[in-house]
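# Secondary and tertiary structure notes
Given next are the chains, with one letter for each unit.
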Amino acid sequence: MLIALLPGDGIGPEVVEQAVRVLNVVTDKLTYESAPVGGAAYKAQGHPLPAATLDLAKRADAILFGAVGDPDCDKLERHLRPEQAILGLRKELALFANLRPAKLFPELADASALRPEVATQIDMVIVRELNGDVYFGEKGMRTTASGLREGYDIMSYDEAEVRRIARVGFETAQARGGKLCSVDKANVLETSQLWRDVVIEMSADFPDVELSHMYVDNCAMQLVRNPGQFDVIVTGNLFGDILSDQASMCAGSIGMLPSASLDDQQKGLYEPIHGSAPDIAGQGKANPLATILSAAMMLRYSLGLPDEADRIEAAVAKALAGGARSPDLGGTMTTAQMGDAVLAAL
Ligand SMILES: NC(=O)C1=CN([C@@H]2O[C@H](COP(=O)(O)OP(=O)(O)OC[C@H]3O[C@@H](n4cnc5c(N)ncnc54)[C@H](O)[C@@H]3O)[C@@H](O)[C@H]2O)C=CC1
Ligand SMILES: CC(C)CC(=O)C(=O)O
Ligand SMILES: [Mg+2]
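For clarity, every value in this text was computed on a predicted model and none was experimentally measured. (Residues numbered from 1 in each chain as written. Chains lettered and ligands numbered in written order. Predicted model: local features only at pLDDT ≥ 70, side-chain atom pairs only at ≥ 80, totals over all residues. Heavy atoms only, no water.)

### A short note on the overall build of the chain
Counting its secondary structure elements, the chain contains twelve helices and twelve strands. Taking 2.2 N^0.38 as the reference for a compact globule, 346 residues should give roughly 20 Å; the C-alpha atoms of the chain span a radius of gyration of 20 Å, in line with that estimate. Counting only C-alpha atoms and orienting by the principal axes, one finds that the chain spans roughly 60 × 50 × 35 Å. Going through the 346 residues of the chain one by one, you find that 54% of them count as buried. In the chain, once contacts between residues fewer than 6 apart in sequence are set aside, the share between residues at least 24 apart is 75%. Roughly 14500 Å² of accessible area belongs to the chain as shown, and the carbon and sulfur atoms make up 51% of that amount. Here the chain contributes 31 positive and 47 negative side-chain charges, whose respective centroids are spaced 2 Å apart. (Helix = DSSP H or I, 4+ residues; strand = E, 2+ residues; numbered from the N terminus. Rg over C-alpha atoms; globule rule 2.2 N^0.38 Å. Buried < 20%, exposed > 50% of the residue type's maximum accessible area, 1.4 Å probe, protein only. Contact = heavy atoms within 4.5 Å. Areas by Shrake-Rupley, 256 points an atom, 1.4 Å probe, with all protein chains shown as cover. Lys, Arg positive; Asp, Glu negative; His and termini not counted. Charge placed at Lys NZ, Arg CZ, Asp CG, Glu CD.)

### Notes on the packing of aromatic side chains
Following the criterion strictly, the structure yields two aromatic pairs and no others. Aromatic side chains Y157 and W195 sit 5.4 Å apart centroid to centroid with 55° between the ring planes, which places their arrangement in the tilted category. Linking Y157 in the loop between β7 (149-153) and α6 (159-174) with W195 in helix α7 (residues 190-203), this pair joins segments that are 38 residues apart in sequence. Classification of W195 as buried rests on a relative accessible area of 3%. (Phe/Tyr/Trp six-rings, centres within 6.5 Å; stacked < 30°, edge-to-face > 60°.)

### Quick word on the site of ligand 1
In the vicinity of ligand 1, 19 residues are found, and the nearest of them are E83, G275, A277, D279 and N287. One of the side-chain nitrogen or oxygen atoms of E271 is found 2.9 Å away from a nitrogen atom of ligand 1. Contact between ligand 1 and H274: a nitrogen atom at 3.2 Å from a side-chain N or O atom of the residue. Protein burial of ligand 1: of its 810 Å² of free accessible surface, 69% is covered by the chains. Within the shell around ligand 1, the residues separate by chemical class into nine nonpolar, six polar and four charged. (Near = heavy atom within 4 Å. Polar contact = N/O pair within 3.5 Å; in protein donor to acceptor, adjacent residues only side chain to side chain. Nonpolar A, V, L, I, M, F, W, Y, C, P; charged D, E, K, R; others polar.)

### Structural notes on the pairing of strand β5 (residues 123-129)
Burial within β5 is extensive, with six of its seven residues counted as buried. Relative to β5, strand β4 (residues 97-103) runs antiparallel, the two sharing seven bridges. Its bridge partner lying in β5, P101 is registered against V125. Where β5 and strand β10 (residues 232-235) come together, four bridges link them in parallel fashion. When the sheet's bridge partners are listed, V127 is paired in β10 with V234. (Pairing = 2+ DSSP bridges.)

### Considerations on the UniProt feature "binding site: substrate" (unreviewed entry) in the chain
When the UniProt feature table is mapped onto this chain numbering, "binding site: substrate" (unreviewed entry) sits at R90, R100, R128 and D217. An extended arrangement is adopted by the annotated residues: their sequence extent is 128 residues, and the largest C-alpha distance between any two is 26.3 Å. Considering the arrangement of structural elements, one finds R100 in strand β4. When sequence neighbours within four positions are dropped, the list of residues in contact with R100 reads R90, M124, V125, I126, R128, G240, D241, S244, P258, S259 and I273. Among the polar contacts listed, one links the side chain of R100 to the side chain of N98, at a separation of 2.8 Å. Summarising the element assignment, D217 is placed in helix α8 (residues 216-225). (UniProt positions renumbered as here; feature names shortened; annotations may be inferred.)

Structure, rendered in structure tokens:
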């Protein structure tokens, strides 16, 4: 099976390297092809998502992605910025369903920003819509009648887009604890009112799922107050982006949370939820566990290798139990040493 390796920028290549070391030990069924993406691709080839990179992503059975983003590129026209590569891949491959599990490894209770007795309760999946919302609406800069510069980004969802992600939310809840919380801002936004109406309509098909609704500002607060109340959260692109970074700190570190971005055929792109972390790039400080856990999700969701996925997840737990800690977890181990610890635990 062919894996497209798209390491990207900053700490992306550092963490992907460790994930590949781990994959190579648990299976010999994979072949790899790498391609530049993000700022690295812009600098080498003049575009953040070159045609050959997109072609590789389409041909591959699954994609392992690091991160994109480079401060050198922040002044480029938007369509040439590194972030357009991940947005483009998500859209071109119709990867509309982003699963972001947030679970605290018990050994990391002290690393959470929350008190241990609150943190240990967190075990949820955030189901984030990934192809629509304000990220993909019409946007631009214009001048108002009074001569002021004005930026705008249109937020919208049509009912079909809401229905297909809501279905993933309901089905994810069915396979877990049976509770789905739909997060929106229906008290203010028409986009969210439609979201809520459609989710309620769909709930008739899932009588075994206990559905609740929450405004996003309250959800941000509840994630810190009592994260254990959530089983599955389903929400839009923008809210899911923000809430999952927040959930990661409840679970110990942003360096711990993996993700799967899926189409309706289980084709997937797998990446840590974090970005390219330019502040620590090149220093061996990045925690590779989110990417290693993303590789495990890839084996499970796209490649039909659940036993190998279980083996990686168990090795991560064992490495943590044995004291493996990168700086974000309060330790001193380098990125490669964290990879070594997982390999030793396999
Ligand atoms: N999917 C992607 O490729 C994403 C790309 N980005 C891009 O990444 C760049 C940096 O964005 P930021 O807002 O700083 O977010 P970020 O997630 O890259 O970093 C936020 C903070 O978390 C730390 N951090 C992140 N990952 C870590 C890891 N594995 N181990 C230890 N510490 C870690 C960083 O050092 C930083 O202090 C930007 O260009 C942004 O657009 C941001 C999020 C997702
Ligand atoms: C870099 C953005 C396009 C997205 C983001 O922050 C994310 O997907 O977590
Ligand atoms: Mg994000």
